Amino acid sequence: MSDQRAELAGGLACITFAEPPLVAMFERELGLGVPLFGDPGRASYRAFGFGRGSVRRVWLDPRVWAAYARLLAAGQRPRPTREDTLQLGGDAVIDAAGTLRWIHRSEGPDDRPSAAVVAAALREAAETSTAGA
């Protein structure tokens with residue numbers, strides 16, 4: 001996502017369920033250049049219908065291990081986590097009027113849309129909002 005920051009800029013934000021001290025650490029370490037918000041109570045996760053994964057899907061699925069292998073091959077190291085590893089996330093595009101225009105609910109930790117798919121959803125939402133104005 002950070003490689004396509006310029007294309008995705010303008011209203012992009014990340015929400016995590018981490019507590020505030022971890023959110024600040026993520027901001028420093030990841031340097032995404034987008035606002036990062038903490039939602040420890042997971043109200044936004046419930047509102048968007050982001051569910052929970054099973055131990056089997058999160059830790060025993062070969063797709064997850066393949067994703068970790070790709071990260072390792074790219075020189076990235078997994079970090080130990082104190083967070084809830086079964087909480088699934090997703091991606092949502094909300095237009096300037098607050099209307100949900102697109103959503104992807106992850107079915108596992110490896111189930112993420114590409115930056116190009118998110119960018120296309122953002123463009124479509126912007127065009128739809130502009131056309132309706």
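For the structure, see preceding data.
For clarity, every value in this text was computed on a predicted model and none was experimentally measured.

Cut-offs used in this document
Just so you know, the residues in each chain are numbered from 1, in the order the chain's sequence is written. Note on the predicted model: pLDDT of at least 70 is required for a residue's local features to be given, and 80 or more for side-chain atom pairs to be given and counted; whole-chain, interface and lining totals, by contrast, use all residues. Computation of side-chain values covers all heavy atoms of the structure but excludes hydrogens and water. Each reported salt bridge corresponds to a side-chain nitrogen of Lys or Arg within 4 Å of a carboxyl oxygen of Asp or Glu. The numbering of helices and of strands both runs from the N terminus, where a helix is a DSSP run of H or I of at least 4 residues and a strand a run of E of at least 2. To sort residues, take the accessible area from a 1.4 Å probe on protein chains only and compare it with the maximum for the residue type: under 20% means buried, over 50% means exposed, and anything in between is partly exposed. Two rings from Phe, Tyr or Trp (for Trp, the six-membered ring) form a pair when their centres are within 6.5 Å of each other. A pair whose planes differ by under 30 degrees is stacked, one over 60 is edge-to-face, and the rest are tilted.

**Here's the deal with the pattern of salt bridges**
Inspection of every chain in the model, using the stated rule, returns 7 salt bridges. Aspartate 84 serves as the salt-bridge partner of arginine 52, at 2.3 Å between the closest nitrogen and oxygen. Here arginine 52, found in the loop between helix H3 (43-48) and helix H4 (55-60), pairs with aspartate 84, found in the loop between helix H5 (62-73) and strand S3 (90-94); they are 32 residues apart in sequence, far enough to count as distant. Put simply, arginine 57 and aspartate 61 hold a salt bridge, and the shortest N to O gap is 3.3 Å. Arginine 57 sits in the buried class, given a relative accessible area of 14%.

**Section: the packing of aromatic side chains**
Two numbers describe a pair of aromatic rings. These are the distance of the centres and the angle of the planes. Per the stated rule, a full pass over the model turns up 5 aromatic pairs. A centroid spacing of 6.0 Å and a plane angle of 80° characterise the contact between tyrosine 45 and phenylalanine 50, whose relative ring orientation is edge-to-face. Phenylalanine 50 carries the same exposure label as tyrosine 45, and that label is buried. A ring pair is formed by tryptophan 59 and tyrosine 68, whose centres lie 6.4 Å apart and whose planes are at 10°; its orientation type is stacked. Given a relative accessible area of 32%, tryptophan 59 falls into the partly exposed group. Tyrosine 68 gets classed as partly exposed once you look at its relative accessible area, which sits at 27%. Chaining the aromatic ring pairs together yields one cluster made of Phe17, Tyr45, Phe48 and Phe50.

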